[in-house]
Amino acid sequence: MAESNGAETVLYECVERIATITLNRPSKLNAFDDNQVRRLAEALRRFDIDPAADVAILCGRGRAFSSGADVQQRQLRTREEFERLGGPQGHDANAADLLTRSVNWKPVIAAAHGYVMGLGLGLLLECDLIVAEEATQFQVTETGRGLGGARHWGLLQFRGGGALATEVALTGRFFTAEEALAYGIINRIAAAGKYLDVAMELAREIVKIPPLSVRATVRTRRWYMEQLSREITMQTQPLKLYLTDDFQEAARAFAEKRPARPFKGR
């Protein structure tokens, strides 16, 4: 799928058994609208069945890995649309299971820089290994948007986030790559401009290992991760936070670039 300027929004290439999947909406800080989710799903499926690829690196072009959901397209729908779709995501555009639709269970390394927020943070945490450029900023934007940070809290805890996971899920504050490394949430920090190089080093180490052995571990890790995500969804989905007045106000305030009015708890 291409943008109006003709650019492909997700790029795929494979060299020496390592695929690189690049989010390519730099003018939108790689925000995810419905089509971007679908294009990423297609790229991940391509990687999963590509006989020439054993490991993938997921990265973003421009100033950010991803700023999260495209608020204008996914969070300003009418109430009727939200009710019909069961949430902000469009049909076949749920980003919560992009890495659990595999057939071959090949590892994915996230190579992050700049900003990693909301939907983008959830995607990053689901990746099997994470490299981040120094000073990268992460944020659970769903907290301040009125959607709740439960899923991100669970994914952060799954990676060992401990007290930091609860703090950032409740406050919605930014946290840094350095904090994430200290809590074991990410695997490595790279010097400025070197995050792709460090991710490539990790990928080359994996390529040396028997691939079926690697995939068995990936499959087990993602199975447990999916079970946790499903349990959290069962707890939060009945709340329908996307239908609340507070969510509507927070989304409109963001889109209109103004402070949100006092929230009403409804």
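Below: a short report on this structure. (Residues numbered from 1 in each chain as written. Predicted model: local features only at pLDDT ≥ 70, side-chain atom pairs only at ≥ 80, totals over all residues. Heavy atoms only, no water.)

1. So, the layout of surface pockets
Turning to step 1, where the next piece is worked out: Its volume calculated, the largest pocket comes out at about 1,000 Å³.
Turning to step 2, where the next piece is worked out: Lining the largest pocket are 33 residues, with Gln89, Asn94, Ala96, Arg151 and Thr233 sitting closest to its centre.
Turning to step 3, where the next piece is worked out: Of all the secondary-structure elements, those providing two or more residues to the lining of the largest pocket are helix H4 (119-126), helix H6 (150-158) and helix H10 (211-236).
Turning to step 4, where the next piece is worked out: The greatest single-element share of the lining of the largest pocket, amounting to six residues, is contributed by H10.
Turning to step 5, where the next piece is worked out: If you list the elements that add at least two residues to the lining of the second largest pocket, you get helix H2 (71-74), helix H5 (141-145) and helix H11 (245-255).
Turning to step 6, where the next piece is worked out: By residue number, the principal contributor to the lining of the second largest pocket is H5, which donates three residues.
Turning to step 7, where the next piece is worked out: Residues belonging to the lining of the second largest pocket are distributed by class as follows: nine nonpolar, seven polar and five charged. (1 Å grid on protein atoms, 1.4 Å probe; cavity = no way out; pocket = protein on both sides within 12 Å on 5 of 7 lines; lining within 4 Å. Points joined across faces, edges and corners; volume = space filled by probe spheres on them. Helix = DSSP H or I, 4+ residues; strand = E, 2+ residues; numbered from the N terminus. Nonpolar A, V, L, I, M, F, W, Y, C, P; charged D, E, K, R; others polar.)

2. Some points on unusual backbone geometry
Turning to step 1, where the next piece is worked out: The phi dihedral of Trp105 is positive, around 55°, even though this residue is not glycine.
Turning to step 2, where the next piece is worked out: Its relative accessible area of 13% is what places Trp105 among the buried residues.
Turning to step 3, where the next piece is worked out: One non-glycine residue, Lys257, adopts positive backbone phi at about 55°.
Turning to step 4, where the next piece is worked out: A relative accessible area of 76% means that Lys257 is categorised as exposed. (Buried < 20%, exposed > 50% of the residue type's maximum accessible area, 1.4 Å probe, protein only.)

3. Comments concerning the environment of Gly144
Turning to step 1, where the next piece is worked out: When you line up the elements, Gly144 lands in helix H5.
Turning to step 2, where the next piece is worked out: Once the C-alpha coordinates of Gly144 and Ala169 are considered, the two residues, 25 residues apart in sequence, prove to be 9.4 Å apart.
Turning to step 3, where the next piece is worked out: In this structure Gly144 touches Ala250 and Phe263, once residues within four positions along its chain are discounted. (Contact = heavy atoms within 4.5 Å.)

Note that all results are geometric; they support no functional claim without further evidence.
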